[in-house]
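# Structure at a glance
Here's the letter readout for the chains.
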Amino acid sequence: MLRWPVHGDEKMRNRWRYLVLALLTVLLLTIARPVWSQPSAHVLGQQAYDRGQLAAAVTHWQTAMREFESVGDVRSQSLTAGHLALAYQDLGEWATAATWLEQAQQLANAQDDAFVMAQLLMVQGTQAWYQGQGTEALARWQQAEQQYQSLGDDTGLLQSQINQVQALQLLGKHQQAFQQLQQLLESLQALPANSLKVMGLHTLGTTLHGIGEWEQAAETLAQGLALAKQLQLPLASKLHLSLGNVLRAQGKLAEARVQYQQSSELTIDRSLWLTAQLNQLKVLIDQEQVADAIAILPNIQNQLSRLPPSREQVYAQVNLGNSLIRLAQMANVPPGTLDRRAIAETLATAVNQARSLDDPKAEAYALGELGHLYEISQQWSAALELTQTAAQLAQALQAREIAMPWQWQAGRILKQLGETEGAIAAYAEAVDSLKALRQDLVALSPDVQFSFREQVEPVYRQFTQLLLTDVDRLPEARRQAQLLQARQLIEDLQLATLDNFFRQACIAGSPRRIDQIDRAAAVIYPILLDQASGEQRLEVIVSVAETGTETGELLHYRRRIAPGESQQLWETLQARLTLLYDVDEILPAAQTLYEWLVAPAEPLLARHHIQTLVFVPDRFLRNVPMAVLYDGQQFLMEKYTLALAPGLQLLPSAQAEPLDITNRPQILASGLSEQRDGFIALPNVKKELAQLEQLAPTETFLNQAFVTANLQAQLEENAFPIIHLATHGQFSSNLDDTFLLTWDQRLSIQDLEILLARQDYRQPIELLILSACQTARGDNRAALGLAGIAVRAGARSIVSTLWSVADDSTARLVTEFYQNLTQQTTKAEALRQAQLSLLQSTDYHHPYFWAPFVLVGNWQ
């Protein structure tokens, strides 16, 4: 379930921390005023806010407003009104927050105070950001940056710049956000060793964590930690905690646990200690170390009971309740160790405390988790009532990150109750929330981030299964509508999977019909759905365009797959697509896959005169070379042109005419023929590039000339519709292990994206060719890198290989491919003809040589 926040929404509170500290400075500067000679309502409000007692903070600050008004302190009135706006934002009362913010602005305008204006600009940016208004948030934080710069306020300057990174992320400007972070990091490195530098490294490290740059986040936090220890700063305990969160995100659980332990040992702050211990508990449960988890429970429960009522206590109780639920479900827990009634009491206490605090956001968290406890106890009616109440509270607060898990939970419960229509509606709401959160899914606080494999992917798969279970029994009109909904879900899942692979939102997609792209093409959507029995269901939807007056059709068919059967089939095919096996030994597995994926659609394909098959593959099917599928007489690529796509919504627009490579300089070609960085030599690359130069005007960089600086210079001066990289490359489910090899470095996908983006404003890349690349064998998610490069680099099409093949056969196929392009044919047909040429040859007829070449993206 959700990785619950510990002691409040960390991202939100960190973003506002500077405002609280700055206001304290103001209070100290004005301490001589008569109002401060007595206990200040403003100080009491700030203390309550820091403890997460938001309603109490509001009460104190409203009292402070009256006090400041009575003594004519307009400056403090303005700052306090800004703090009230923050508190109401945190409570989800946006209209009231806007009213206080407007009042703060009016008061600030009356005195022309640059410091106050900077503070209010930060608050205004925060409000816009939380309402999804990225452009407005960016503008406000840029204005705040200018104010802080004029004031010489380095701390405010840094915070405003970091906030701008968040706004750029929200707007989908990931390259710009990343580059700005790098500039900030460089600026911090130039600072002397002091507390500001440590604070900056901590903030930057957590921001890098939020946008998915985990390696750099760990390095930045480790640097900050070393400096904090050198300077003997108390911030070291927080840096240990943040570093532990990054390591946990990377799956380095043992290392994360060490960081949490060190954080606990260094701090005297009870809340920070509890946060570290609760996170350590989650790691122990992740590691299935039941005895160690049970051993630290009493101390956690004891310290939790000592916290005053506050949002952070509610969140901590819910966090603990979630961990206890997970622990209670583990098989090796000693009988009687955990009592579900005691867990229910913990969560019920959290609900009551949230209500007493008048904190609906905290109440939504607590109610939903209590509903989850009733769900696993199969007390369906109570579970549904609690869950729906939690979802409604969150929706009223416009807090989709809270609402989504409970909408999904409601869908699961309604399905168990047999209320299919209600379940479909609840799942639809959960998907809508996920799509709305898409730009921010990876930028949520580390404590509330969704786990893709546990909380995002299952929503799409379960909803698809719900829609398809009885779809073929429905009346035709409703059947087609439900198939269309399921098809869109599969497309959305592909998009979410790419986002997860890159740890940031890739690109905005919009639904498109196949007839808008190619009337002679059919799109095949296979999706593998796991069953409780251990079986799988292969569900296939085939989409064809309209033909004449006949409406387009969506065909659906399914196959039940025995436990382990799909994996065994894939492993067999993968093993036999080597030169150790004859062609005849490949055919049985290739024919089985054909019968699963294509055979039931043949009548539809024939009726619509389909020439191209576009696969939107799922799981292990991403690594299957569809060209090798066999119908008993022919390979699939002998019958159809083929392409892979992450979905119609991510396909770039088709060209009006086939790609013409002969009329002007078109190609930027680079390659390595010599051994480099532990990779073997590719002697035929030199021949491959030489033959390419004979076919079309080409700028070529070979071996020592194949360096990033040369490519950068060319891309800044010229627009190349075709970029050809003949070099080693590797695609892995670990983004950090996905790269292309140049003479001087391993070029990451992000580096490639930034490099190729230099020509985006002139014209898009029509074709990106990566020869000699490979996906990690046995890694079902590795081929995502192929689709990802096409999307991230802005290429309409990409041609690459699923495994490393012989150097000489690759050179021949690539040459044939380019020769076919000179005949004004489509890219997919040019590749098919090149593959046929190898199939029909004496030396390269084995599928090992021609099957791994795939075209991803636009096939025209």
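Quick look at the structure, then. What you are looking at is a predicted structure, and each value in this text was computed from that prediction instead of being measured. (Residues numbered from 1 in each chain as written. Predicted model: local features only at pLDDT ≥ 70, side-chain atom pairs only at ≥ 80, totals over all residues. Heavy atoms only, no water.)

Let us look at the overall build of the protein. For the protein, the count of helices and strands is 34 helices and 13 strands. Across the 860 residues that make up the protein, the buried fraction comes to 61%. In the protein, of all internal contacts separated by at least 6 residues, the share reaching a separation of at least 24 is 71%. With an accessible surface of roughly 32300 Å², the protein has 48% of that area assigned to carbon and sulfur atoms. (Helix = DSSP H or I, 4+ residues; strand = E, 2+ residues; numbered from the N terminus. Buried < 20%, exposed > 50% of the residue type's maximum accessible area, 1.4 Å probe, protein only. Contact = heavy atoms within 4.5 Å. Areas by Shrake-Rupley, 256 points an atom, 1.4 Å probe, with all protein chains shown as cover.)

Attention now goes to the pattern of salt bridges. In the structure shown here, the tally under the stated rule is 28 salt bridges. A salt bridge links Arg75 to Asp113; its shortest N-O distance comes to 2.5 Å. Of the two residues, Arg75 is situated in helix α4 (residues 74-90) and Asp113 in the loop between α5 (94-109) and α6 (114-130); the sequence distance between them amounts to 38 residues. Take Arg75: its relative accessible area is 22%, and that puts it in the partly exposed class. The shortest N-O distance in the salt bridge between Arg478 and Glu421 comes to 2.5 Å. A residue pair is termed long-range when its members are at least 10 positions apart, and Arg478 in helix α23 (residues 476-502) and Glu421 in helix α21 (residues 420-436) qualify at 57 residues. (Salt bridge = Lys/Arg side-chain N within 4 Å of Asp/Glu carboxyl O.)

Most peptide bonds adopt trans geometry, and most residues besides glycine take a negative phi value. Within the chain, Gln398 stands out as a residue other than glycine whose phi angle is a positive 60°. If you trace the backbone, Gln398 turns up in the loop between α19 (380-396) and α20 (400-416). The backbone of His609 shows a phi angle near 55°, a positive value even though the residue is not glycine. Mapped onto the secondary structure, His609 falls in the loop between α26 (602-607) and β4 (612-615). Judged by relative accessible area, His609 falls into the exposed class, the value being 58%.

Glancing now at the packing of α4 against α6. For the pair α4 and α6, the least separation of the axes is 10 Å and the interaxial angle reads 15°. In terms of their interaxial angle, α4 and α6 are classed as roughly parallel. Regarding α4 and α6, the two cross each other, and that crossing is left-handed. Contacts between α4 and α6 involve Arg75, Ser78, Leu79, Gly82, Ala85, Leu86 and Gln89 from the first element and Phe115, Val116, Gln119, Leu120, Val123, Thr126 and Gln127 from the second. Each residue belonging to the contact of α4 with α6 can be placed in one class, and the counts come to seven nonpolar, six polar and one charged. (Axes fitted to C-alpha atoms, helices over the stretch in contact; angles between N-to-C directions. Parallel < 35°, antiparallel > 145°, perpendicular 65-115°, else oblique. Left-handed = near helix turned anticlockwise from the far one by under 90°. Nonpolar A, V, L, I, M, F, W, Y, C, P; charged D, E, K, R; others polar.)

What follows deals with the environment of His42. Along the polypeptide, His42 turns up in helix α2 (residues 41-50). In sequence terms His42 and Val58 are 16 residues apart; their C-alpha atoms lie 9.8 Å from each other.

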